[in-house]
Amino acid sequence: MQAKEIKERLKSLIQEASAVDPNLMSRLEEINRWIKNVKPGSLTAKKLLILFLVQIIDDAEVWLKFKSLPSKTEQQAAINALNPALRYWYSYLFPKWLSENDPKFYIWRQKLMTGDFIQEDENLLLSITNNIKKRGGNVVRRYIADLSMTTDIIVSNRNEKPLCVQITSLSDEYSQIKSEEWKNVLCFWEIERGLFLSFNPSTTNFVNQIVNITLYNSDNLKTGMYLKFSL
């Protein structure tokens, strides 16, 4: 999707949302004000910003399809037909982000605009995601979850219980500080359980270990638990 097309689609989605979901309309208007003065060429050069905008447009389109169904029963049935990780995203986290104040939104959108946000762990997360899918699990990745909810991936396994997972290679000294912030953020968004997984990249077969721990805890971690695990 090109920058000009993104701007046009945002405007049309705002119009559609005005008759269906005021919370979505407000968020999209906020995003539109944020990028409206950026020239298409400059916008295109900001790769991660473009990826975020395409992702939010895709989510908005899906959300409007759900909300446009004639009854609450039909809306819920459509959401229930999704895999458990996606179901959790659309039934809980995404609408919560639309309706709640996001204290981090202003900070990270500025980083996306200036290019200060860098996905150093992208290849690692792709490897983990692919391995989880090969094992039969479901995975959702969203910039909103990552940047506002300290969640790299949302994972569900056999028991269809979505788990928010943060993965870091920080040393114990720094991961302790980061994990405390992580737990506070999850509690703010009323995410009922989470896994903070710290690993040593020099460890043999650490990707497989991350996948095993993530899938196990998706099935078994109790509600109200925020587990910190170090490899």
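Residues numbered from 1 in each chain as written. Predicted model: local features only at pLDDT ≥ 70, side-chain atom pairs only at ≥ 80, totals over all residues. Heavy atoms only, no water.

### Side note on the packing of aromatic side chains
Then step 1. One pass over the structure, following the stated rule, counts 14 aromatic pairs.
Then step 2. Considering the side-chain rings of Phe66 and Tyr90, the 5.7 Å spacing of their centres and the 75 degrees angle between planes classify their relative orientation as edge-to-face. Remark: Tyr90 occurs in helix α6 (residues 84–99) and Phe66 occurs in helix α4 (residues 47–67); sequence separation between them is 24 residues.
Then step 3. We classify Phe66 as buried; its relative accessible area is 9%.
Then step 4. On the basis of relative accessibility, which here comes to 4%, the residue Tyr90 falls in the buried class.
Then step 5. For the pair Trp182 and Phe196, a centre-to-centre distance of 5.5 Å together with 55 degrees between the ring planes defines the contact as tilted. Of this pair, Trp182 sits in helix α10 (residues 172–188) while Phe196 is found in strand β4 (residues 194–198), placing the two residues 14 residues apart along the sequence. (Phe/Tyr/Trp six-rings, centres within 6.5 Å; stacked < 30°, edge-to-face > 60°. Helix = DSSP H or I, 4+ residues; strand = E, 2+ residues; numbered from the N terminus. Buried < 20%, exposed > 50% of the residue type's maximum accessible area, 1.4 Å probe, protein only.)

### Quick look at helix α8 (residues 122–134)
Then step 1. Over its 13 residues, α8 extends 18 Å from the first C-alpha to the last, a length consistent with the 18 Å expected when each residue adds 1.5 Å.
Then step 2. Of all the residues in α8, the buried ones are Leu124, Leu125, Ile128, Thr129 and Ile132. For α8, the angular spread of buried residues about the axis comes to 130 degrees, placing them on one side. The outward face of α8, more than 90 degrees from its buried face, is lined by the exposed residues Asn123 and Lys134.
Then step 3. Here the buried face of α8 lies against β1 (138–140), β2 (153–156), β3 (163–168) and α11 (206–220).
Then step 4. The first or second residue beyond α8 is Gly136, which carries a positive phi of 95 degrees. (Expected span 1.5 Å × (residues − 1). Arc of directions from axis to C-beta. Contact = heavy atoms within 4.5 Å.)

### Observations concerning the pattern of salt bridges
Proximity of charged atoms lets side chains of opposite charge pair with each other.
Then step 1. Under the criterion given, the structure shown has nine salt bridges.
Then step 2. Note that Arg27 and Glu30 form a salt bridge whose closest N and O atoms lie 3.2 Å from each other. On the criterion of helical spacing, the pair formed by Arg27 and Glu30 is a turn pair, its members being three residues apart in helix α2 (residues 22–35).
Then step 3. Linking Glu30 and Arg109 is a salt bridge whose minimum nitrogen-to-oxygen distance equals 3.1 Å. You can see Glu30 sitting in helix α2 and its partner Arg109 sitting in helix α7 (residues 105–114), a full 79 residues away along the chain.
Then step 4. When its relative accessible area of 13% is taken as the criterion, Arg109 is described as buried. (Salt bridge = Lys/Arg side-chain N within 4 Å of Asp/Glu carboxyl O.)

### Focus: the environment of Met25
Then step 1. The residue Met25 is located in helix α2 in this model.
Then step 2. For Met25 and Ala60, which are 35 residues apart along the polypeptide, the C-alpha to C-alpha distance reads 9.4 Å.
Then step 3. With residues near it in sequence (within four places) discarded, Met25 still touches Ile14, Ala17 and Ser18.

### Examining the environment of Trp34
Then step 1. With respect to the helices and strands, the residue Trp34 is situated in helix α2.
Then step 2. The spacing of Trp34 and Tyr106 is 72 residues in sequence and 9.9 Å in space, taken between C-alpha atoms.

### Comments concerning the packing of helix α1 (residues 3–18) against α2
Then step 1. Between α1 and α2, the shortest axis-to-axis distance is 8 Å and the interhelical angle comes to 155 degrees. One finds that α1 runs roughly antiparallel with respect to α2. In this structure, the crossing between α1 and α2 has a hand that is left-handed. Seen from α1, the contacting residues are Lys7, Leu10, Lys11, Leu13, Ile14, Ala17 and Ser18; seen from α2, they are Pro22, Leu24, Met25, Leu28, Glu29, Ile31, Asn32 and Ile35.
Then step 2. Here the residues of the contact of α1 with α2 are counted per class, giving 10 nonpolar, two polar and three charged. (Axes fitted to C-alpha atoms, helices over the stretch in contact; angles between N-to-C directions. Parallel < 35°, antiparallel > 145°, perpendicular 65-115°, else oblique. Left-handed = near helix turned anticlockwise from the far one by under 90°. Nonpolar A, V, L, I, M, F, W, Y, C, P; charged D, E, K, R; others polar.)

### Looking at the sheet that holds β3
Then step 1. On the basis of which strands lie adjacent, the open sheet formed by five strands has the order β1-β2-β3-β4-β5 and mixed pairing. Looking at which strands have only one partner, the edges of the open sheet turn out to be β1 and β5 (226–230). Neighbour-to-neighbour, the strand axes of the sheet open up by a mean angle of 25 degrees, direction not taken into account.
Then step 2. Both β3 and β4 contribute to a ladder of five bridges, which runs parallel. (Pairing = 2+ DSSP bridges.)

### Some details on the packing of α2 against α7
Then step 1. Closest axis-to-axis distance for the α2/α7 pair is 12 Å, and the angle between their directions is 40 degrees. As the angle between them shows, α2 and α7 are arranged oblique. Here α2 runs over α7; the crossing is right-handed. Between α2, through Arg27, Glu30, Ile31, Trp34 and Ile35, and α7, the contact on the second element is made entirely by Phe105, Arg109, Gln110, Leu112 and Met113.
Then step 2. Grouping the constituent residues of the contact of α2 with α7 by class yields six nonpolar, one polar and three charged.

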